[in-house]
Amino acid sequence: MSRISDAISELHKLDMEAGKRGWLQGIHPLPKLLVTLFFLVLVVSYGKYDLSGLLVLGIYLIITFVLGDISVKLLLKRMRIVLGLVCLMGIANPFFDREAVLILGGFAVTGGMVSAATLAVKGVFAVSASYLLIVTTSVEDICYALRALHVPKIFVTVLLLVYRYIIVFLKEVERMTDAYALRAPGQKGLNQKVWGTFAGQLLLRSMDRAQTVYDSMMMRGYNGEFYLRCKRSAERGDYLYAAGWSTALLLIRIIHF
Amino acid sequence: MVMNILEIENLSFSYGNPRDMYKKNVLDDINIRISGSESVGLIGENGAGKSTFLKLLTGLLELKDGEIRVAGLGLKKENLKDIRAEIGYVFQDSDSQLFMSTVYDDVAFAPRNYGKSEEEVRAAALLALKKVHMEDKKDRQIYRLSGGEKKLAAIATVLAVGAKLMLLDEPSVALDPKNRRNLIRILNELPGAKLIASHDLDFVYDTCERVILLSGGRIAADGGTKEILTDRELLEKHGLELPLSFSRGCPC
């Protein structure tokens, strides 16, 4: 299978996982989104040397991964590039901040090392929490929750359409690269000479398909807003989920470990 | 008096600048009336203007010359929303027509846009899915449907608004014989007017009682299905051939 097919298949799998019947999937999207946003705010709020305090916040991720039966292996596989990048964010810190803040077995741990590690952990936590939300909530439900929080409709519509069109775009790329590969045996990738025409054709074809999708939406009364509905309204259990996690996370933040 | 769902008078259309003196009309002086329960086949060779015609009826292309009335409403910008509630357009490519993640969400898309309550939306979506025998697949992810199921889901999306006139662009394309037969059966079960643009003359024969033959942007023939589809001379004159079942000598 080509890398493009893999990418399309991964997107479909994410959709499927979000639609599964599970404990975490069953929670109303609004409390899930609120807890995720609150978690992200708390992650950002930690100081650059407060690594020990920040690590305790990881309890949320561990518990949610276990209760939701979410595979950490899959997270690492799917987010490897993003995780790799966030881990490298603070790579220069040890060179600028060389003041020793801790001696561990005769080895001086500098402020730069701690801040680099803190930055990496913050990044990993943020990506993991976002992944947890995506893998347990369909994009329509996330958009519904965003609209419930009065996020402007233009932003929500763009988010939803980008997610839908990305598959249309990838399918066009796949069709074109397959057609190319079949007529260029033994070649690895696309020859530099065809990059220009390939990009141009891709743009035209994608626009054409996007126009059909848009026409289809217009034919069905689309007027600039997706009227998203959740399968059910929020119940007491959903509010308890939000309240429980918010309290627990706040306590972890206030009580300094 | 028979109520016409579609009335077209002196319709002409060309792409590009209307002042261009060298432009050629894609459609030229079309006059058609379709009653509320008719099933009409629109046939013609490639480039005859079938898809342009369908897009004009739905307002996806701007009407420049002539008059179109759908359920008594003149095709004008201010009437588009009401007209589109009366017309259901099933695109040739179901993949592009279906853009939500599940069958139910896609079928519910139009009723929601027309401001129905969630109970009404649910009732309309389930009824539409029932009409195409897809009620057990409502929670399926779109990409997991077969080609035939996608076509039926696309039909359900337009049925959910209660469209009185259904336009179908090459509905039998890429369907295997079983799905094709199933689609014919379902289309014949559906009430309301249908305008089916297709190259598949056997399909047209099985689903339509009237046929309009477009050629060079003009109506070359308009009449009973059997009368037109068995006229070898007429069909060949306009770049078509007898339906396969007739050319094999099937009495049908």
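Computed from a predicted model, the values in this text were never measured in an experiment.

This part covers empty space enclosed by the protein. Leftover empty space is mapped by rolling, across the atoms, a probe with the size of a water molecule. Counted by the stated rule, this structure contains three cavities of 30 Å³ or more. Quantified by volume, the largest cavity comes out at close to 290 Å³. As for the largest cavity, its lining consists of 18 residues, and the residues nearest its centre are A:Ile167, A:Lys171, B:Asp95, B:Leu98 and B:Phe99. Elements with a contribution of two residues or more to the lining of the largest cavity: α1 (3-18), α10 (153-183) and α11 (195-219) of chain A together with α3 (94-97) of chain B. Top contributing element to the lining of the largest cavity by residue count: α10(A), with five residues. Here the residues of the lining of the largest cavity sort into nine nonpolar, four polar and five charged.

The next thing to look at is the sheet that holds strand β5 (residues 73-74) of chain B. Residues and elements named next belong to chain B. Taken together, four strands build an open sheet; the order of strands is β2-β1-β4-β5 and the sheet is antiparallel. For this open sheet the edge positions go to β2 (27-35) and β5, each flanked by a neighbour on one side alone. Strand direction decides the pairing type here: strand β4 (residues 65-70) and β5, joined by two bridges, are antiparallel. Paired with Arg-69 across the strands is Gly-74, a residue of β5. Helix α1 (residues 50-57) contacts β1 (4-13), β2 and β4 of the sheet and is inclined by roughly 120° relative to β1.

Residues and elements named next belong to chain B. Overall, mixed pairing links the six strands, which are arranged β6-β7-β8-β3-β9-β10 in an open sheet. Strands at the two margins of the open sheet, each flanked by one partner only, are β6 (87-90) and β10 (218-224). For this sheet, the mean angle separating the axes of adjacent strands, direction not counted, is 15°. Most of the contacts of helix α6 (residues 147-159) go to β6, to which it runs at about 165°, and overall it touches β6 and β7 (165-169).

On to the interface of chain B and chain A. By convention, interface size is frequently given as the accessible area that disappears when the constituent parts associate. At the junction of the two partners, chain B supplies 28 residues and chain A supplies 24 residues. Between chain B and chain A, the buried area comes to about 2500 Å², and carbon and sulfur atoms account for 58% of it. Across the contact surface, chain B and chain A share two salt bridges. Among the ionic pairs, A:Arg220 bridges to B:Asp106, the shortest N-O distance being 2.9 Å. The tally of links from chain B across to chain A stands at seven residue pairs in polar contact (both at pLDDT 80 or more).

Looking now at the packing of α1(A) against helix α8 (residues 111-136) of chain A. Residue and element names in this part refer to chain A. Packing of α1 against α8 brings their axes to within 6 Å, and their N-to-C directions diverge by 75°. Here α1 lies roughly perpendicular to α8, going by the angle between them. Contact with α1, carried on its side by Leu-14, Glu-17 and Ala-18, involves Tyr-131, Ile-134, Val-135 and Thr-136 of α8 and no other residues of that element.

Residues and elements named next belong to chain A. Axis separation between helix α9 (residues 139-148) and α10 bottoms out at 10 Å; the angle between their running directions is 175°. Between α9 and α10, the angle is such that the two are roughly antiparallel. Side by side, α9 and α10 meet where Val-139, Glu-140, Cys-143, Leu-146 and Arg-147 of the first sit next to Lys-153, Phe-155, Val-156, Leu-159, Leu-160, Tyr-163 and Arg-164 of the second. Taken together, the residues of the contact of α9 with α10 sort by class into eight nonpolar, no polar and four charged.

This part covers a nonpolar patch on the surface. On the surface, a nonpolar cluster with roughly 540 Å² of combined accessible area is contributed by A:Ile154, A:Phe155, A:Val158, A:Leu159, A:Val162 and A:Ile166. Tracing the sequence through the fold places A:Ile154 in helix α10.

Residues and elements named next belong to chain B. Evaluation of the coordinates by the stated rule reveals 28 salt bridges over all chains. Asp-222 serves as the salt-bridge partner of Arg-210, at 2.9 Å between the closest nitrogen and oxygen. One end of the pair, Arg-210, is in strand β9 (residues 210-215); the other, Asp-222, is in strand β10, and twelve residues separate them in sequence.

A word on the confidence of the model for chain A. Within chain A, residue pLDDT values average 88, and 99% of them lie at 70 or more. The weakest mean pLDDT in chain A belongs to strand β1 (residues 100-104) of chain A at 81; the strongest belongs to helix α2 (residues 29-45) of chain A at 95.

Further remarks concern the domain arrangement of chain A. Residues and elements named next belong to chain A. Here chain A is partitioned into domain 1 (20-137 + 233-257) and domain 2 (138-226). The centre of domain 1, based on its C-alpha atoms, is set 31 Å off from the matching centre of domain 2. With ten residues of domain 1 at the contact, the number on the domain 2 side is nine residues. Both faces combined, the contact of domain 1 with domain 2 buries some 670 Å², and carbon together with sulfur accounts for 86% of it. Linking domain 1 with domain 2 are zero salt bridges, by the criterion used here. Taken together, the elements giving at least two residues each to the side of domain 1 that touches domain 2 come down to α2 and α8. Ranked by residues supplied to the side of domain 1 that touches domain 2, first place goes to α2 with five residues. Looking at the side of domain 1 that touches domain 2, its residues break down into seven nonpolar, three polar and no charged.

To continue, consider the environment of B:Val70. Residues and elements named next belong to chain B. Among the structural elements, Val-70 can be located in strand β4. On the accessibility criterion, Val-70 (0% relative accessible area) is buried. Spatially, the C-alpha atoms of Val-70 and Leu-6 are 4.8 Å apart, while their sequence positions differ by 64 residues. Sequence-distant contacts of Val-70, defined by excluding residues within four places in its chain, comprise Ile-5, Leu-6, Leu-57, Ile-83, Glu-86 and Ile-87.

Attention now goes to the confidence of the model for chain B. Mean pLDDT over chain B works out to 89, with 94% of the residues at or above the 70 mark. Element-level pLDDT for chain B is lowest in helix α11 (residues 244-247) of chain B, with a mean of 78, against a maximum mean of 96 in strand β3 (residues 39-43) of chain B.

Attention now goes to unusual backbone geometry. Residue and element names in this part refer to chain B. Phi angles above zero are rare outside glycine, and Asp-29 is one such case at about 50°. Here Asp-29 shows up in strand β2. Since its relative accessible area comes to 36%, Asp-29 is described here as partly exposed. Look at Ala-71: it is not a glycine, yet its phi comes out positive at around 50°. By the secondary structure assignment, Ala-71 is in the loop between β4 and β5. Residue Ala-71 is classed as partly exposed on the basis of its relative accessible area of 22%.

The rules behind these values
Residues numbered from 1 in each chain as written. Chains lettered and ligands numbered in written order. Predicted model: local features only at pLDDT ≥ 70, side-chain atom pairs only at ≥ 80, totals over all residues. Heavy atoms only, no water. 1 Å grid on protein atoms, 1.4 Å probe; cavity = no way out; pocket = protein on both sides within 12 Å on 5 of 7 lines; lining within 4 Å. Points joined across faces, edges and corners; volume = space filled by probe spheres on them. Helix = DSSP H or I, 4+ residues; strand = E, 2+ residues; numbered from the N terminus. Nonpolar A, V, L, I, M, F, W, Y, C, P; charged D, E, K, R; others polar. Pairing = 2+ DSSP bridges. Contact = heavy atoms within 4.5 Å. Axes fitted to C-alpha atoms, helices over the stretch in contact; angles between N-to-C directions. Buried area = accessible area lost by both parts, 1.4 Å probe. Salt bridge = Lys/Arg side-chain N within 4 Å of Asp/Glu carboxyl O. Polar contact = N/O pair within 3.5 Å; in protein donor to acceptor, adjacent residues only side chain to side chain. Parallel < 35°, antiparallel > 145°, perpendicular 65-115°, else oblique. Patch = residues over 30% accessible without salt bridge, like charges linked within 9 Å, V, L, I, M, F, W, Y side chains within 5 Å. Areas by Shrake-Rupley, 256 points an atom, 1.4 Å probe, with all protein chains shown as cover. pLDDT = per-residue confidence, 0-100. Domains from an automatic or database assignment. Buried < 20%, exposed > 50% of the residue type's maximum accessible area, 1.4 Å probe, protein only.

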